[in-house]
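What the coordinates show
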Amino acid sequence: MSIAPDRFNTRRDTFAFGLCLLLSVALRMAPPPVQDTLASVITRSILAPFLTLQEQVLLMRAARTSYADVVAQRDSAFLSALEVKALEEENTRLRELLVLHQRLPVRHVAADVLHQAAPTDGLTLRLAAGARDGVLATAPVIARGGLLGIVRSVEPASAVAIVWAHPDFRVSAMTLDGEAFGIVAPHGAEGPWRMLLELQGVPYGVRVAPGTMIYTSGLGGGSGVYPRGVPIGTVLAVLDEQEGWSRTYLVEPAVQPAAVSHVIILTGPRVDLSGAFTDILP
């Protein structure tokens, strides 16, 4: 029962095709003015929806291309801004380090921080200065904000330093007025507390207010000898109390090792450096 409709559809398609073929031949043989008139009529009527659709597709393609160009330009501008910001920060650090270099009244060597001394050890740094530059083991290492660490070993052209977060780090410390003395050591062996320090052994009768800057005292002790007046960090709060004996304070370091790319290694005798860090503390 479905054969008749199929035959009818086939005949209708064949008739439509033949009619279109005859019309095309006739139009082809017609004079140019007639061809132009008929083409205009067909364009404005039958082909109008298809031409409109084609125009919309072209507009969408152009808009997509334009959007991709805008996104690419925005990303490029953003990356350029980040690079400019990083360069500005690096220039600021270098200028402050240059100011510190000019203020230091003691022999010293400037050095780049190359990388961690060991891939799995974030508590040591390899510095681009060594024995040829006069660097010795136990030489203090400072940055623009204050004390970073101490040289542990020296090679002809490089040196390895431990930073203040290293378990072996110790330094005799004091407040600027000299009323409170103690020993600064790393606070905690792992976790977020690892990046803080603690001021131990402060006499119980002496109180240190939060926000007080702690400096090296210049006294011997710990794993090396540091000059007086190098900033170590800022007191955050009381960490522990032994009533009648002493207090321990939590200290925020003045220098973060991850943010340091250039350092100064002190190679001369111990002198008071408290005046060298004026106006350039972080």
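Residues numbered from 1 in each chain as written. Predicted model: local features only at pLDDT ≥ 70, side-chain atom pairs only at ≥ 80, totals over all residues. Heavy atoms only, no water.

Turning our attention to the overall build of the protein. Looking only at helices and strands, the protein features three helices and 12 strands. Relative to its full complement of 282 residues, the protein shows a buried share of 33%. Pairs at least 24 apart in sequence give 61% of the contacts found in the protein among residues at least 6 apart. Accessible surface, the protein as shown: approximately 17100 Å² in total, 61% of it carbon and sulfur. (Helix = DSSP H or I, 4+ residues; strand = E, 2+ residues; numbered from the N terminus. Buried < 20%, exposed > 50% of the residue type's maximum accessible area, 1.4 Å probe, protein only. Contact = heavy atoms within 4.5 Å. Areas by Shrake-Rupley, 256 points an atom, 1.4 Å probe, with all protein chains shown as cover.)

Moving on, we get to the sheet that holds strand β11 (residues 246–253). An order of β6-β7-β8-β11-β10-β9 is seen for the six strands of this closed barrel, with the pairing classed as antiparallel. On average, each strand axis in the sheet is inclined to that of its neighbour by 45 degrees, with strand direction left out of account. As paired strands, strand β10 (residues 231–242) and β11 are joined by eight bridges and run antiparallel to one another. Bridge assignment links Ala237 to a residue of β11, and that residue is Leu250. (Pairing = 2+ DSSP bridges. Axes fitted to C-alpha atoms, helices over the stretch in contact; angles between N-to-C directions.)

As a rule of thumb, soluble globular proteins bury nonpolar side chains together. In this structure, Leu104, Leu127, Ile142 and Ile265 are the most contacted members of the largest nonpolar core, which totals 53 residues. Setting aside its immediate chain neighbours within four residues, Leu127 contacts Ala111, Asp112, Val113, Leu114, Val141, Ala157, Ser158, Ala159, Ala161, Val263 and Ile265. (Core = buried A, V, L, I, M, F, W, Y, C linked by side-chain atoms within 4.5 Å.)

Neither face of strand β3 (residues 140–143) is left uncovered, since the one carrying Pro140 and Ile142 and the one carrying Val141 and Ala143 both have all their residues buried. Sheet topology places β3 next to strand β4 (residues 146–154); four bridges connect them, and they run antiparallel. The partner of Ala143 across the bridge, within β4, is Gly146. With two bridges connecting them, β3 and strand β12 (residues 262–266) associate as antiparallel partners. Across the sheet, the residue bridging to Ile142 is Ile264, located in β12.

Quick look at the pairing of strand β7 (residues 181–187) now. On a regular strand, each side chain points to the face opposite its neighbour's, so the side chains alternate between the two faces of the sheet. Counted residue by residue, β7 has five buried out of seven residues, so it is predominantly covered. Inspection of the sheet shows strand β6 (residues 171–175) paired to β7 by four bridges, in the antiparallel sense. Its bridge partner lying in β7, Ser172 is registered against Ile183. From the end of β6 to the start of β7, which pair antiparallel, there are five residues, and Gly178 there has a positive phi angle of about 80 degrees. Alignment of β7 against strand β8 (residues 196–203), held across five bridges, turns out to be antiparallel. Bridging across to β8, Pro186 finds its partner in Leu197.

This brings us to unusual backbone geometry. Unusually for a residue other than glycine, Thr138 sits at a positive phi of about 75 degrees. Mapping Thr138 onto the fold places it in the loop between β2 (121–127) and β3. Exposure remark for Thr138: the relative accessible area of 41% places this residue in the partly exposed category.

Our next topic: a nonpolar patch on the surface. Side chains of Leu21, Val25 and Met29 sit close together on the surface and give an oily, nonpolar patch of about 320 Å² of accessible area. Along the chain, Met29 turns up in helix α1 (residues 3–29). Using a relative accessible area of 70% as the deciding quantity, one classes Met29 as exposed. (Patch = residues over 30% accessible without salt bridge, like charges linked within 9 Å, V, L, I, M, F, W, Y side chains within 5 Å. Salt bridge = Lys/Arg side-chain N within 4 Å of Asp/Glu carboxyl O.)

Taken as a whole, the protein shows an average pLDDT of 80; of its residues, 73% reach a score of 70 or greater. In the model of the protein, α1 stands out as the element of lowest mean pLDDT, 67, in contrast to strand β9 (residues 213–216), which has the highest, 95. (pLDDT = per-residue confidence, 0-100.)

Let us look at the packing of aromatic side chains. Evaluation of the coordinates by the stated rule reveals one aromatic pair. Between Phe169 and Tyr226, the aromatic rings sit 6.2 Å apart at their centres with planes inclined by 65 degrees, giving edge-to-face as the arrangement. Taken together, the residues Phe169 in the loop between β5 (159–163) and β6 and Tyr226 in the loop between β9 and β10 connect sequence positions 57 residues apart. Neither residue differs from the other here; Phe169 and Tyr226 are each classed as buried. The ring of Tyr204 carries the charged tip of Arg247 above its face, separated from the ring centre by 4.1 Å. (Phe/Tyr/Trp six-rings, centres within 6.5 Å; stacked < 30°, edge-to-face > 60°. Lys NZ or Arg CZ within 6 Å of the ring centre and 35° of its normal.)

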